[in-house]
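Chain by chain, the residues run as shown.
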Amino acid sequence: MTTSTPVVLHGYHLSVYNRVARMALHEKGVLYETVEVNPFEDPLPDGYLDLHPFRRVPVLSHGGFRIYETTAITRYIDDAFDGPPLVPVEAKAAARMTQAISIIDSYGYWPMVREVFVQRVSAPEQGERPDEEIVKQGMEASRVVLGALETLAAEGLCLDGKTITLADCHLAPMFGYFTLAPEGAKALAACPALSDWWSRMSKRSSYLETEP
Ligand SMILES: N[C@@H](CCC(=O)N[C@@H](CS)C(=O)NCC(=O)O)C(=O)O
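Residues numbered from 1 in each chain as written. Predicted model: local features only at pLDDT ≥ 70, side-chain atom pairs only at ≥ 80, totals over all residues. Heavy atoms only, no water.

(A) Inspection of the sheet that holds strand β3 (residues 59–62) at higher detail. Strand order in this open sheet of four strands is β2-β1-β3-β4, and the pairing throughout is mixed. Looking at which strands have only one partner, the edges of the open sheet turn out to be β2 (33–36) and β4 (65–68). Direction aside, the axes of adjacent strands within the sheet are offset by 20 degrees on average. When β3 meets β4, the two strands line up antiparallel, connected through four bridges. What sits directly across from Ser61, in β4, is Arg66. Contacts from helix α1 (residues 16–28) reach β1 (7–11) and β3 within the one sheet, and its direction differs from that of β1 by about 160 degrees. Where helix α3 (residues 70–80) meets the sheet, its contacts fall on β3 and β4, and the angle it forms with β4 comes to roughly 135 degrees. (Pairing = 2+ DSSP bridges. Helix = DSSP H or I, 4+ residues; strand = E, 2+ residues; numbered from the N terminus. Axes fitted to C-alpha atoms, helices over the stretch in contact; angles between N-to-C directions. Contact = heavy atoms within 4.5 Å.)

Next up, the structure:
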């Protein structure tokens with residue numbers, strides 16, 4: 001399959017995981033089309049469950065090849081297309097990249113995005129009062145995640161904001177939302193290596209061009 005085969009990303013414009021995939025496509029310089037699917041709507045568009053039985057976004061389609069789960073999607077993007085490699089060749093750096101992605105997926109997404117960001121930023125935008133108990137609980141869990149990622153960033157094998165990897169693409173959209181909450185921005189400021197990473201990443205064109 002060549003790069004002239006159409007690349008289509010089914011996703012929701014506000015979704016962090018959709019933006020992760022878009023950032024990887026931008027970093028590789030891949031041209032793609034988007035199909036808007038809001039996974040929170042019921043019912044989902046006809047046939048969507050055939051693309052993603054777990055009712056999530058995104059799904060990538062490249063010719064007849066379809067794939068869901070963002071980590072698999074971004075790995076495919078890195079392997080299938082020309083452009084700068086997004087997975088380090090060196091074993092320890094590659095392992096740290098995978099570790100950072102796994103940390104944010106397993107322990108970061110829910111508290112940072114679905115608790116802190118949704119309650120502090122989205123709820124008031126929709127005229128709702130934030131649930132302070134959920135924000136507090138989300139911040140407690142998020143601080144553990146920031147601490148773990150600060151250790152990785154300080155070590156220097158990933159998240160240096162200069163050599164871009166799939167971990168940068170995976171983390172940046174979540175940090176973008178998290179830092180819109182004042183307590184999120186304050187907690188990040190207490191992590192010097194991660195703050196350095198974020199000040200570079202948040203100015204990167206792949207991040208800016210994929211702004212929801
Ligand atoms: N494990 C999935 C997670 C994707 C995910 O949770 N996407 C969110 C949007 S950011 C979603 O579709 N949420 C719908 C829901 O929770 O019902 C992946 O890596 O792609």
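(B) Representation of the layout of surface pockets. Looking at the largest pocket, its volume works out to about 810 Å³. Lining of the largest pocket is provided by 29 residues; of these, Leu14, Ser15, Phe40, Tyr109 and Arg114 occupy positions nearest its centre. Where the lining of the largest pocket is concerned, the elements lending two or more residues are α1, α3 and α4 (91–125). Ranked by residue count, the leading element in the lining of the largest pocket is α4, at 10 residues. Residue classes in the lining of the largest pocket are distributed as 16 nonpolar, seven polar and six charged. Counting contributing residues per domain, the lining of the largest pocket is built from domain 1 (7–80) and domain 2 (91–204), each supplying no fewer than three. (1 Å grid on protein atoms, 1.4 Å probe; cavity = no way out; pocket = protein on both sides within 12 Å on 5 of 7 lines; lining within 4 Å. Points joined across faces, edges and corners; volume = space filled by probe spheres on them. Nonpolar A, V, L, I, M, F, W, Y, C, P; charged D, E, K, R; others polar. Domains from an automatic or database assignment.)

(C) Quick look at the site of the ligand. Near the ligand, the surroundings consist of Ser15, Val16, Tyr17, Pro39, Phe40, Arg56, Val57, Glu69, Thr70, Tyr109 and Arg114. In this structure, Arg56 approaches the ligand through a side-chain N or O atom, which is 3.1 Å from an oxygen atom. Contact distances for the ligand include 2.7 Å between an oxygen atom and a side-chain N or O atom of Thr70. In isolation the ligand has 510 Å² of accessible area, and contact with the protein removes 85% of it. Comparing atom positions with the cavity grids shows the ligand to sit within the largest pocket. At the level of elements, α1 and α4 are the ones that each hand at least two residues to the shell around the ligand. Of the residues belonging to the shell around the ligand, the class tally is six nonpolar, two polar and three charged. (Near = heavy atom within 4 Å. Polar contact = N/O pair within 3.5 Å; in protein donor to acceptor, adjacent residues only side chain to side chain. Areas by Shrake-Rupley, 256 points an atom, 1.4 Å probe, with all protein chains shown as cover. Sits in = over half its atoms within 2 Å of the grid points.)

(D) Structural context of the side chain of Arg22. Tracing the chain through its elements places Arg22 in helix α1. The buried charged residue Arg22 lacks any salt bridge partner; its closest oppositely charged side chain belongs to Glu209, at an N-O distance of 7.6 Å. Discounting residues that sit within four places of it in the chain, Arg22 has contacts with Leu9, Tyr32, Glu209 and Thr210. (Buried < 20%, exposed > 50% of the residue type's maximum accessible area, 1.4 Å probe, protein only. Lys, Arg positive; Asp, Glu negative; His and termini not counted. Salt bridge = Lys/Arg side-chain N within 4 Å of Asp/Glu carboxyl O.)

(E) A look at helix α5 (residues 132–155). For α5, built from 24 residues, the straight-helix expectation of 34 Å at 1.5 Å per residue is met to within 8% by its first-to-last C-alpha distance of 34 Å. Val135, Gly138, Met139, Ser142, Val145, Leu146, Leu149, Glu150, Leu152 and Ala153 are the residues of α5 that are buried. Next to the buried residues of α5 lie α4, α6 (166–178), α7 (182–189) and α8 (192–201). Just downstream of α5 lies Gly156, where phi reads positive at about 90 degrees. (Expected span 1.5 Å × (residues − 1).)

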